[in-house]
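Chain residues, written in single-letter form:
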Amino acid sequence: MSGAMLQPSAAFLSRARPRSIAHWLFVVAGLIVAMVVIGGITRLTESGLSITQWKPISGVIPPLNQAQWQAEFDNYKRIPEYQAFNRDMTLAGFQHIFFWEYLHRLLGRVIGAAFALPLLWFAVRRQIPAGYGWRLVAILALGGLQGAIGWWMVASGLSVRTDVSHIRLAVHLLTALTILAGIVWTALDLLALHRNPSAPPARLTRTAILALTALVIQLVYGAFTAGLDAGYAFASWPLMGDALFPAGVPMVDPAWANAVDNPVVVQFFHRWWAFAAAGALVWLAIRATRSGSKAGLWVVLLVTLQIVLGIATLLSGVQIDIAVAHQGNAALLLIATVVAAHAIGGRTRHMA
């Protein structure tokens, strides 16, 4: 009788495929990194407002003839960005900026399908390990929300403003990176489960929380810097012009708003918080190395590269290839940080 009662559970465990699901999640994570890079190009080429409508289904098909292209261009001509800056734009110029925004949205749809369809496949075949189904569905729901956030961001630049809200841009980027972190963490938990069927999920330690919080603050200020074009304010290092902080900078009221809305203050904070974040990440790297993980080395290498790329972005006057490398490396640094945090959490789990 007891053997019969245990049989369904054993059968379920035999069908679970944690390693296969983990490998699929890593592929999706790679697509998200590509999405972050293309999002950076879209922002830097001022392409984000070229598509003025949100068509989740029919928007997959781009303009296919001259009349359709002209209709899209006419829509763009109605928004403040065109009226203020691009009155001399040709249809060919419009097609260039349309390409990057279209590619950005198309890749978002590809990522959605690349996540939802395999998830359905694994669920139907009952191959998702117990306790992980809700987590995967939550990531899927957050991905759907990210599409709505993307349109919410774009909509902020279609009527009054000549660009998108830097706050909404930060929300959009942070949501994408939260999804990326959640996918990588879940994949690592599943690999641990493959190695040991009784392994519980890793825990977030205080060191990991501190490092991730410091990194998230820096990422948010990176988005503010991009959204406010604050990177163009001062193209010098380590001084801003001839001072650590330039004199006579106009301030906004109330005073706290300068930390969010003042491009000079935002650039200043983004410059120097980088080193506070680096300190927290190096401490995480040390802890990860002590636990036997090689992720700590990657954290140190990537955070060093990130600071170098940040300085190079400023000194180059925000040259697009360097700036895009800076944004793409931020996503890789986040992945390395998550792997290091997971290594520490896994060690804590095994010691418990």
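1. Remarks on the nonpolar core
Then step 1. W24, L25, F115, L180 and I183 are the most contacted members of the largest nonpolar core, which has 72 residues in total.
Then step 2. Contributing elements (two or more residues each) for this core: helix 2 (18-44), helix 5 (91-124), helix 6 (133-155), helix 7 (166-195), helix 8 (206-227), helix 10 (263-290), helix 11 (295-315) and helix 12 (320-351).
Then step 3. Of all the elements, helix 7 adds the most residues to this core, at 14 residues.
Then step 4. When near neighbours in sequence (up to four residues on either side) are disregarded, L180 contacts A29, I32, V33, A331, L334 and I335.

2. A short note on the side chain of R43
Then step 1. Locating R43 in the fold gives a position in helix 2.
Then step 2. A polar side-chain atom of R43 sits 3.0 Å from the main-chain carbonyl oxygen of G227.
Then step 3. Those residues in contact with R43 that lie beyond four places of it in its chain are D163, V164, L169, A226, G227 and D229.

3. Comments concerning a nonpolar patch on the surface
Then step 1. A cluster of nonpolar side chains, V282, W283, I286 and V300, forms an exposed patch at the surface whose accessible area comes to about 290 Å².
Then step 2. Top contributing element to the nonpolar patch by residue count: helix 10, with 3 residues.
Then step 3. Residue class for V300 comes out partly exposed when judged on its relative accessible area of 31%.

4. Here we look at the packing of helix 7 against helix 8
Then step 1. Where helix 7 contacts helix 8, the two axes come as close as 8 Å, and the packing angle between them is 140°. Between helix 7 and helix 8, the angle is such that the two are oblique. With respect to the hand of their crossing, helix 7 and helix 8 are arranged in right-handed fashion. Counted together, H166, I167, L169, A170, L173, L174 and L177 of helix 7 and V216, L219, V220, A223, F224, A226 and G227 of helix 8 form the full contact between these two elements.
Then step 2. Residue classes in the contact of helix 7 with helix 8 are distributed as 12 nonpolar, 2 polar and no charged.

How each quantity is defined
- Residues numbered from 1 in each chain as written.
- Predicted model: local features only at pLDDT ≥ 70, side-chain atom pairs only at ≥ 80, totals over all residues.
- Heavy atoms only, no water.
- Core = buried A, V, L, I, M, F, W, Y, C linked by side-chain atoms within 4.5 Å.
- Buried < 20%, exposed > 50% of the residue type's maximum accessible area, 1.4 Å probe, protein only.
- Helix = DSSP H or I, 4+ residues; strand = E, 2+ residues; numbered from the N terminus.
- Contact = heavy atoms within 4.5 Å.
- Polar contact = N/O pair within 3.5 Å; in protein donor to acceptor, adjacent residues only side chain to side chain.
- Patch = residues over 30% accessible without salt bridge, like charges linked within 9 Å, V, L, I, M, F, W, Y side chains within 5 Å.
- Areas by Shrake-Rupley, 256 points an atom, 1.4 Å probe, with all protein chains shown as cover.
- Salt bridge = Lys/Arg side-chain N within 4 Å of Asp/Glu carboxyl O.
- Axes fitted to C-alpha atoms, helices over the stretch in contact; angles between N-to-C directions.
- Parallel < 35°, antiparallel > 145°, perpendicular 65-115°, else oblique.
- Left-handed = near helix turned anticlockwise from the far one by under 90°.
- Nonpolar A, V, L, I, M, F, W, Y, C, P; charged D, E, K, R; others polar.

Nothing here speaks to function; it is all geometry.
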